[in-house]
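Report on the structure
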Amino acid sequence: MRRGGCRWLRVLVKGCLNLPCLRLAGTWGGRGGRMAGMPSTGAEAASELTAPAQQNGDARNERPPGSPEPAAAGGESAPGVGGQVTGSEERATAVAPGPGKRKKRRGATGERVVPPPKKRRAGVSFGDEHFAETSYYFEGGLRKVRPYYFDFRTYCKGRWVGRSLLHVFSTEFRAQPLAYYEAAVRAGRLHLNEEPLQDLSIVLKDNDFLRNTVHRHEPPVTAEPIRLLVENEDVVVVDKPSSIPVHPCGRFRHNSVIFILGKEHQLKELHPLHRLDRLTSGVLMFAKTAAVSEKIHEQVRDRQLEKEYVCRVKGEFPSEEVTCKEPILVVSYKVGVCRVDPRGKPCETVFQRLSYNGRSSVVRCRPLTGRTHQIRVHLQFLGHPILNDPIYNSAAWGPSRGRGGHIPKTDEDLLRDLVAEHQAKQSLDVLDLCEGDLSPGLTDSTAPSSELGEDHLEDLAASAQKMDGVLEAAPQDLDTKAPAPGKAAETDVVNQETDPLCAECRLVLQDPLPQDLVMFLHALRYKGPGFEYFSPMPTWAQDDWQED
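Residues numbered from 1 in each chain as written. Predicted model: local features only at pLDDT ≥ 70, side-chain atom pairs only at ≥ 80, totals over all residues. Heavy atoms only, no water.

1. Here we look at the overall build of the chain
Rules: Helix and strand assignments come from DSSP, with helices taken as H or I runs of at least 4 residues and strands as E runs of at least 2, each series counted from the N terminus. Throughout, exposure labels follow a simple rule: accessible area from a 1.4 Å probe, protein chains only, divided by the maximum for the residue type, with under 20% read as buried, over 50% as exposed, and the rest as partly exposed. Each accessible area is a Shrake-Rupley estimate made with a 1.4 Å probe; only the visible protein chains count as cover when residues are assessed.
Broken down by element type, the chain carries 13 helices and 19 strands. Counting the 548 residues in the chain, one finds 44% classified as buried. Of the accessible surface of the chain, which amounts to about 28800 Å², a share of 54% is contributed by carbon and sulfur atoms.

2. Concerning the nonpolar core
Inclusion rule: For our purposes a nonpolar core is just a set of buried Ala, Val, Leu, Ile, Met, Phe, Trp, Tyr and Cys residues, chained together by side-chain atoms within 4.5 Å. Contacts are residue-level and defined by heavy atoms, with any inter-residue pair within 4.5 Å sufficient.
M285, F286 and F351 are the most contacted members of the largest nonpolar core, which totals 92 residues. Contact partners of F286, with chain neighbours within four places excluded, come to D234, V235, V236, V238, V246, V257, I258, L261, L270, H271, P272 and L273.

3. Structural notes on the pairing of strand 3 (residues 148-155)
Our working rule: Between any two strands, at least two bridges found by DSSP are needed for them to pair.
Within strand 3, 6 of the 8 residues are buried, which leaves it mostly tucked inside the rest of the structure. In terms of strand pairing, strand 3 meets strand 6 (residues 209-216) through 8 bridges, oriented antiparallel. By the bridge assignment for strand 6, Y149 is matched with H215.

4. Some thoughts on the pattern of salt bridges
Short version of the rule: By convention in these notes, a salt bridge is any Lys or Arg side-chain nitrogen within 4 Å of a carboxyl oxygen on Asp or Glu.
Under the counting rule described, the total for this entry stands at 28 salt bridges. As a salt-bridge pair, E231 and K288 come within 3.0 Å of each other at their nearest N and O atoms. Pair noted here: E231 is in strand 8 (residues 227-231) and K288 is in the loop between strand 11 (281-287) and helix 9 (290-301), with a separation of 57 residues, a long-range link. Through salt bridges with shared partners, a single ionic network connects D151, R153, E194 and R211.

5. Remarks on the side chain of R189
Residue position: R189 is located in the loop between helix 7 (178-186) and strand 4 (190-192). Of the residues examined, R189 reaches a relative accessible area of 1% and is grouped as buried.

6. Notes on the sheet that holds strand 1 (residues 136-139)
The criterion, for reference: Structural elements are reduced to axes, namely lines fitted to C-alpha atoms, with helices fitted over the stretch in contact, and the angle between N-to-C directions of any two is expressed from 0 to 180 degrees.
Pairing within the open sheet is antiparallel, and its 3 strands lie in the order 1-2-7. If you trace the sheet from one side to the other, it starts and ends with strand 1 and strand 7 (221-222), each paired once. Where strand 1 meets strand 2 (residues 142-145), 4 bridges bridge the pair, whose relative direction is antiparallel. Following the sheet pairing, Y137 is matched in strand 2 by K144. Its contacts with the sheet place helix 8 (residues 257-264) against strand 1 and strand 2, and it is angled at close to 105° to strand 1.

7. What about the UniProt feature "active site" (unreviewed entry) in the chain?
Applied cut-off: UniProt positions are given in the numbering used here, feature names are shortened, and annotations may be inferred rather than shown by experiment.
Annotation from UniProt places "active site" (unreviewed entry) at D277. Of note, D277 is situated in the loop between strand 10 (271-272) and strand 11. Its relative accessible area of 26% is what places D277 among the partly exposed residues. Ignoring sequence-local partners within four residues, the contact set of D277 consists of K240, H373 and R376.

8. Considering helix 9
What counts, and what does not: Working rule for helices: expected span equals 1.5 Å times residues minus one. The arc refers to the directions leading from the helix axis to the C-beta atoms.
A rise of 1.5 Å per residue sets the reference length of helix 9, with its 12 residues, at 16 Å; its end C-alpha atoms lie 16 Å apart and thus fit the reference within 8%. For helix 9, the set of buried residues is V292, S293, I296 and Q299. Angular distribution of buried residues about the axis of helix 9 spans 125°; they occupy a single face of the element. In helix 9, those exposed residues whose orientation departs by more than 90 degrees from the buried face are A291 and R301.

9. Here's the deal with the packing of aromatic side chains
Operational definition: Only centres within 6.5 Å qualify two rings of Phe, Tyr or Trp (six-membered ring in Trp) as a pair; their planes then separate them into stacked at under 30 degrees, edge-to-face at over 60, and tilted for everything else.
Considering all chains together, one arrives at 15 aromatic pairs under this definition. Note on Y309 and Y526: the rings are 6.4 Å apart at their centroids and 65° apart in plane angle, and the pair reads as edge-to-face. Of this pair, Y309 sits in strand 12 (residues 306-314) while Y526 sits in strand 18 (residues 521-528); the two residues are 217 residues apart in sequence, bridging distant segments of the chain. The exposure classification of Y309 matches that of Y526, with both residues buried. Taken together, a centroid distance of 5.4 Å and an interplanar angle of 80° make the contact between F520 and W545 edge-to-face. Taken as a pair, F520 in the loop between helix 13 (488-495) and strand 18 and W545 in the segment after strand 19 (531-534) lie far apart in primary sequence, 25 residues in all.

10. Thoughts on the environment of E316
The condition is simple: By the criterion applied in these results, polar contacts are pairs of N or O atoms within 3.5 Å in which, for protein atoms, one can donate a hydrogen and the other can accept it, and in which residues neighboring in sequence qualify only through two side-chain atoms.
Mapped onto the secondary structure, E316 falls in the loop between strand 12 and strand 13 (322-324). Take E316: its relative accessible area is 47%, and that puts it in the partly exposed class. Within the local environment of E316, its side chain forms a polar contact with the side chain of R353, the two groups lying 3.5 Å apart.

11. A few points about the confidence of the model for the chain
This is how it is decided: What pLDDT expresses is the predictor's confidence in each residue, scored from 0 to 100.
Overall, the predicted model of the chain reaches an average pLDDT of 76, with 66% of residues at or above 70. Between residues 440-452, whose pLDDT stays under 50, and residues either more than four places distant or in other chains, the model counts 21 contacts. Taken together, the stretch residues 470-494 has pLDDT below 50 and engages in 42 contacts with residues farther than four places along the chain or on a different chain.

12. Observations regarding the state of the cysteines
Heads up, the rule is: Here, the term disulfide refers to a pair of cysteine sulfur atoms separated by no more than 2.5 Å.
Following the criterion strictly, the structure yields 0 disulfides and no others. Of all cysteine sulfurs, the one in C505 lies closest to C502, which takes part in no disulfide; the gap is 3.6 Å. Note on C502: relative accessible area 6%, which makes it buried. Judged by relative accessible area, C505 falls into the partly exposed class, the value being 27%.

13. Describing unusual backbone geometry
Within the chain, Q266 stands out as a residue other than glycine whose phi angle is a positive 55°. The residue Q266 is located in the loop between helix 8 and strand 10 in this model. By relative accessible area, which is 52% here, Q266 ends up exposed. Phi at H373 takes a positive value of approximately 60°, unusual for a residue other than glycine. Note on placement: H373 falls in the loop between strand 17 (360-367) and helix 10 (374-381).

14. Here we look at the environment of K288
The class of K288 is partly exposed, set by a relative accessible area of 28%. Ignoring sequence-local partners within four residues, the contact set of K288 consists of E231, N232, E233, D234, V235, V236, E269, L270 and H271. At a separation of 3.0 Å, a polar atom in the side chain of K288 contacts the side chain of E231.

15. Remarks on helix 8
Each α-helix winds once per 3.6 residues, and so residues spaced three or four apart point in a common direction. Of all 8 residues in helix 8, 7 are buried; the element is thus mostly enclosed. Of all the positions in helix 8, only V257, I258, F259, I260, L261, G262 and K263 are classed as buried. In the stretch just after helix 8, Q266 is the one whose phi turns positive, near 55°.

16. Section: empty space enclosed by the protein
For the record, the criterion: Cavities and pockets were defined on a 1 Å grid built from protein atoms only: a cavity is a group of points that admits a 1.4 Å probe but offers it no way out, a pocket is an open group of points flanked by protein on both sides within 12 Å along at least five of seven lines, and a lining residue is one with an atom within 4 Å of any such point. Grid points are joined across faces, edges and corners, and a volume is the space filled by probe spheres set on the points. Only Asp, Glu, Lys and Arg are considered charged in this grouping, and only Ala, Val, Leu, Ile, Met, Phe, Trp, Tyr, Cys and Pro are considered nonpolar; every other residue, Gly among them, is considered polar.
A full pass over the atoms with the stated rule returns 3 cavities of 30 Å³ or more. For the second largest cavity, the calculated volume is near 40 Å³. Lining the second largest cavity we find R339, V340, V377, Q380, F381, G402, G405 and I407. Listing elements by their share of the lining of the second largest cavity, those giving two or more residues are strand 15 (337-340) and helix 10. Top contributing element to the lining of the second largest cavity by residue count: helix 10, with 3 residues. Residue classes in the lining of the second largest cavity are distributed as 4 nonpolar, 3 polar and 1 charged.

Written out as structure tokens, the structure is:
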């Protein structure tokens, strides 16, 4: 009787759950949008199973940005913002009874609705509107970029969902103090879903779109021109000077090879075919089409390309050919430091001395693999680091400077010492870092403070609002803060040189010397099936070169 009663109860519950009124109520409340404790339909269960993956910021990217949300049961999308249903709306939408019919119900009164993600432009992302953001000027042997306004844009990361903007800024965007972001809100510099942000305590949702307008300063690079070695219908090959990154990264945007070629040589929509470190000079190849790019990348994967570098190293390098096969481990991706370690990836580099002047040697290098900083790390291990390598010939590695893999300190201590050394020299750009990337323990307390005092917030925000009003009066492209071409020069000079909220505008930093931007490592030759490109031997590799 007891078992029969349970069976009767299960039948009753199952029947009740199929009632329209309970199916309607089952879409409200709870973490997944259902009432707590209520079973789900098949579609709802599938949605609930994918929710954790969307939260972690990985699986949510498997849907192409800007693509429509999956259609609801019945094959018809409920009309949300822009005709699509966002994750937030989907959980607040109720299905009314009726075959193939959907009745839209919006979220509770006052609930913030997130618009669907915008469709991103496919293909190469830099064009004339980006190149017009600012201009160059040359001073003291350096190429400099005039400060300009720039929009940092991002969709809400999975790990940010359910957290306030205040928490996100304080934990992940430490380049500025919280006082700056509070002033930026008052000045109208921060936008959420293209609406001016009013309060940093707002809690983020999936698909939230953030836009932060900043006054951007770029580090100077060498004024040495980028020379074209080859240009045909398939490729562009250049001789890259030291100190210029290949593409925008970190604090570099206009001071990159991609932007300089686009702005000064009208070479656009290029596809980099290989990497060169920012401090490395020499042969750099670009494809003009995606098809050529894929063809050469396939040759790279099949190891059909031969690469030859030349460098000047410390001391007398052995006269015989030397092969180094030590594995290399990345110590820090953020700082960009590697070292020899048995846990690292397999590598092989072949070295041959070309000359010796009594203090340093010119060495030819043939890397047979392509690990990050491979040549520099192997030379350090051999006890002959590149003469002016700011990382791998640093005293931060200890008395032997990493020779034979001997490093008498932990990775954490090594990174701390490297950062401290370059912070003292005002050369954090060598590590592709800025002050805001450092933890509080690494910040030099004697360095000039750029933080905003609370008593100045109102005045600075008011001044910034006035300046932003002038900027917004000029025609703007929706995807950038660059002025219309006809207004570019005027707006650049009048409105963008200084900004009341910008910390860097209040600092006076010493420019590097041009020779300090050169590292003695040069990509001399690249050879593949049907092509071979050379660049001239640099001055420091000549037999008669003398150290200063």
